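# Structural overview
Here is how the chains run, residue by residue.
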Amino acid sequence: MAGQAMKRYTARGVVLGTLKYGEKGLIVQMLTSSHGRQSYMVQGLGGRSRNAKLALFQPMFALEFEGLTSTKMDMHRFGEVHAGLVLQSIPFDVKKSTIALFMAEVLHRLVKESEANEMLFDFVWGSVEALDAATEGVANFHLWFLSHLCRFLGFSPGNEYMPEAWFNIAEGHFTRECPPREYRISQENALILRDMLECDVRYLAEVGLNRHQRVDFLSALMAYYSYHLDTINSVQSIRILQELF
């Protein structure tokens, strides 16, 4: 009966985080192409295969897998699972791996839906590819990612930039009228937001920002996100990014 109730499916997924389960178990939280955000139970992590299996489940690692589900299981399980993208730099570059950790934590906090969202998934998968391939502009990558992610979460800027505009956090609009302080993104940061939204990720190095500008713009983005999704405030890796970049 249990075998008859089992459903199998193939999908792609990006790892958002893991949680140890007992001595030889792991719960892997993923954004998947087929089921939105899902948790997967991995058991039998012991012996020589342990490290090889654990190596697959690092933040933002992109996987292709066979999923198993049934009415008798609380969580999905893996059948076959392997790397969907063979990452060349993220695991070995401390700056890129820190950005990947931040991206995973942001998605972990903000994406709750267990339904497929093809556009969001394709953006996230493509972002992993782009970060791994980047040779320049890496220090701006997390800012580009946040600037574009809001489009898939329902609060993208709703109008075109105009010269010397401010940005109104509450309305999600560029505006020539100075918004109230609590809803205001400065003219300098509004211009950077425009640049990030228009920039092809391959040319991020052309958005010339110094460390102070990056820290200030990240703070502005976090204020925008926290107005719409207050769970962003619990993202711990922001402090590490501010120190690195």
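As shown above, the structure is provided for reference.
What you are looking at is a predicted structure, and each value in this text was computed from that prediction instead of being measured.

### So, the packing of helix H3 (residues 94–110) against helix H4 (residues 118–133)
Remark: H3 packs on H4, axes separated minimally by 10 Å, with the N-to-C direction vectors making an angle of 170°. Our classification of the angle between H3 and H4 gives roughly antiparallel. By crossing handedness, the relation of H3 to H4 is classed as right-handed. In contact with Lys-96, Ile-99, Ala-100, Met-103 and Leu-107 of H3, H4 contributes Val-124, Ser-127, Leu-131, Asp-132 and Ala-133. When the residues that make up the contact of H3 with H4 are grouped by side-chain class, the tally is 7 nonpolar, 1 polar and 2 charged.

### Thoughts on helix H7 (residues 211–228)
The periodicity of an α-helix, 3.6 residues per turn, causes residues three or four positions apart to be oriented the same way. Taking 1.5 Å of rise per residue, 18 residues should cover 26 Å, and H7 covers 26 Å from first to last C-alpha, within 8% of that figure. Gln-213, Arg-214, Phe-217, Leu-218, Ala-220, Leu-221, Met-222, Tyr-224 and Tyr-225 are the residues of H7 that are buried. Elements in contact with the buried residues of H7: H3, helix H5 (141–153), strand E6 (166–168), strand E8 (184–185), helix H6 (187–198) and helix H8 (238–244). One side-chain oxygen of the residue at the start of H7 lies 3.1 Å from the amide nitrogen of His-212, identifying that residue as Asn-210.

### Some remarks on the nonpolar core
Within the largest apolar cluster, 77 residues are counted, with the highest numbers of intra-cluster contacts made by Phe-57, Met-60, Phe-141 and Met-196. When neighbours within four sequence positions are excluded, Met-60 is seen to be in contact with Val-14, Val-15, Ala-100, Met-103, Ala-104, Leu-107, Val-124 and Val-128.

Quick notes on the rules
Residues numbered from 1 in each chain as written. Predicted model: local features only at pLDDT ≥ 70, side-chain atom pairs only at ≥ 80, totals over all residues. Heavy atoms only, no water. Axes fitted to C-alpha atoms, helices over the stretch in contact; angles between N-to-C directions. Helix = DSSP H or I, 4+ residues; strand = E, 2+ residues; numbered from the N terminus. Parallel < 35°, antiparallel > 145°, perpendicular 65-115°, else oblique. Left-handed = near helix turned anticlockwise from the far one by under 90°. Contact = heavy atoms within 4.5 Å. Nonpolar A, V, L, I, M, F, W, Y, C, P; charged D, E, K, R; others polar. Expected span 1.5 Å × (residues − 1). Buried < 20%, exposed > 50% of the residue type's maximum accessible area, 1.4 Å probe, protein only. Polar contact = N/O pair within 3.5 Å; in protein donor to acceptor, adjacent residues only side chain to side chain. Core = buried A, V, L, I, M, F, W, Y, C linked by side-chain atoms within 4.5 Å.

Shape is all these values report; function is a separate question.
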